[in-house]
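# Fold and contact review
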Amino acid sequence: MKKVLSGIQTSGRLTLGNYIGAIKNFVELQETHESYYMLADLHAITVQQEPAALRSYIEEVALLYVASGLDPDRSTIFLQSSVPSHAEMGWLLTTIAYLGELERMTQFKDKSFGKESVGAGLFTYPALQAADILLYNPDLVPIGEDQKQHVELTRDIGHRFNTRYGELFTLPEPLIQKTGARIMSLDDASKKMSKSSPTPASYILMLDPPEVIRKKVSRAVTDSGREVKYDPATKPEISNLMTIYTHCSNLTFAEIEAKYEGQGYGNFKKDLAEVIVATLLPIQQRYEELRSSGSIYDILRKGAKEAEAVARPVLLEAKKRMGFINL
Ligand code: ATP
Ligand code: MG
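Described in the following lines is the structure provided in the data block. (Residues numbered from 1 in each chain as written. Chains lettered and ligands numbered in written order. Predicted model: local features only at pLDDT ≥ 70, side-chain atom pairs only at ≥ 80, totals over all residues. Heavy atoms only, no water.)

## Some thoughts on the packing of helix H3 (residues 51-67) against helix H12 (residues 266-293)
In the contact formed by H3 and H12, the axes pass within 9 Å of each other and the chain directions differ by 120°. The orientation of H3 with respect to H12, classified from their angle, is oblique. Every pair of crossing elements has a handedness; the one defined by H3 and H12 is right-handed. Contacts between H3 and H12 involve Glu60, Leu63, Leu64, Val66 and Ala67 from the former and Ile283, Arg286, Tyr287, Leu290 and Arg291 from the latter. When its residues are assigned to classes, the contact of H3 with H12 shows seven nonpolar, no polar and three charged. (Axes fitted to C-alpha atoms, helices over the stretch in contact; angles between N-to-C directions. Helix = DSSP H or I, 4+ residues; strand = E, 2+ residues; numbered from the N terminus. Parallel < 35°, antiparallel > 145°, perpendicular 65-115°, else oblique. Left-handed = near helix turned anticlockwise from the far one by under 90°. Contact = heavy atoms within 4.5 Å. Nonpolar A, V, L, I, M, F, W, Y, C, P; charged D, E, K, R; others polar.)

This is how it looks when you write it as structure tokens:
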């Protein structure tokens with residue numbers, strides 16, 4: 001059985017972009033792969049977090065993983081901070097990563113742009129991310145498009161380690177779906193939808209109530225034309241909304257185009273809101289049930305044990321190869 005590993009930062013409340021670009025695929029992959037799904041809470045603090053907010057984000061991501069269909073009996077669901085091998089391996093790989101490589105990461109450039117002070121962790125975190133991945137020797141890492149560069153860096157770091165100290169790490173392939181790997185903001189189709197955006201109109205949250213979803217969709221930016229047509233180059237806003245539509249329904253782009261031919265954007269947007277609501281509402285209901293059951297911490301404790309059992313021997317072997325003495 002092939003292995004997959006992926007994760008989401010607990011840096012905010014999950015968006016529809018996180019669902020379509022990540023979680024939905026995690027749920028499918030667990031059927032056919034040995035699966036590890038992490039909550040990247042150590043990564044979340046590369047941007048300053050208010051402690052109470054961080055705690056609530058961690059809980060929300062964990063509940064939404066399970067409410068979306070991740071099954072703790074099939075997948076290992078765990079908090080990064082609860083598996084100490086990650087931080088340890090992260091340090092080892094930070095010493096193997098090159099400054100120049102980290103400087104080329106576009107995410108660092110984007111997230112540090114215009115900031116007066118930037119934490120050093122924001123700069124070095126791709127090395128910790130390499131550790132998160134390499135510790136499990138996965139074959140595949142399902143991600144959105146924005147994470148491609150980080151998985152490539154992971155391969156470079158893993159390859160460098162293997163060359164210096166002997167083959168230890170599998171070099172994983174990124175798994176990026178053809179559409180939906182980059183859902184754009186509702187208010188600006190040149191920007192990725194992100195949970196850490198300060199503008200609520202830019203995203204739909206997985207836990208937004210139906211009336212909020214309807215309002216946000218009705219206000220989503222579109223061009224001044226009338227044609228519902230998939231053409232990202234000339235119609236980026238409508239194409240983004242169509243991408244969301246196709247992932248929340250069983251309709252292809254061609255079927256959506258045919259359905260709204262000659263109708264303008266009004267009906268399309270109204271129906272789009274309803275397919276999003278229909279996708280998220282069952283997840284929201286399971287979220288509430290799961291939250292009141294209080295079982296999520298048992299799931300995370302079980303996941304931490306399973307993950308550490310896989311990660312720890314790999315860490316110890318990496319240390320041994322590098323010349324450390326494991327007492
Ligand atoms: P942040 O703003 O804190 O970076 P984020 O919304 O970008 O949050 P991440 O935790 O960085 O979310 O990424 C989690 C996963 O979701 C990654 O696989 C990432 O590629 C994917 N992802 C994030 N945003 C989108 C999006 N807009 N469309 C598709 N996939 C996305
Ligand atoms: Mg991100």
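## Section: helix H1 (residues 16-29)
Under the 1.5 Å per step criterion, the end-to-end length of H1 is 19 Å for 14 residues, consistent within 8% with the ideal 20 Å. Helix geometry: H1 is bent most strongly at Ala22, by close to 35°. Among the 14 residues of H1, twelve are classified as buried, and the element is accordingly described as predominantly covered. Among all positions in H1, only Leu16, Gly17, Asn18, Tyr19, Ile20, Gly21, Ala22, Ile23, Asn25, Phe26, Val27 and Leu29 are buried. (Expected span 1.5 Å × (residues − 1). Bend = angle between axes of the 7 residues up to and from the residue. Buried < 20%, exposed > 50% of the residue type's maximum accessible area, 1.4 Å probe, protein only.)

## Observations concerning the site of ligand 1
Around ligand 1, 22 residues are found, and the nearest of them are Ser11, Lys111, Lys192, Lys195 and Ser196. Asn18 is positioned such that a nitrogen or oxygen atom in its side chain is 3.2 Å from an oxygen atom of ligand 1. With respect to ligand 1, the backbone of Ile183 contributes an N or O atom lying 2.8 Å from a nitrogen atom. When ligand 1 is considered free in solution it has 590 Å² of accessible area, and contact with the protein chains removes 98% of it. Elements with a minimum of two residues in the shell around ligand 1: strand S1 (3-9) and H1. (Near = heavy atom within 4 Å. Polar contact = N/O pair within 3.5 Å; in protein donor to acceptor, adjacent residues only side chain to side chain. Areas by Shrake-Rupley, 256 points an atom, 1.4 Å probe, with all protein chains shown as cover.)

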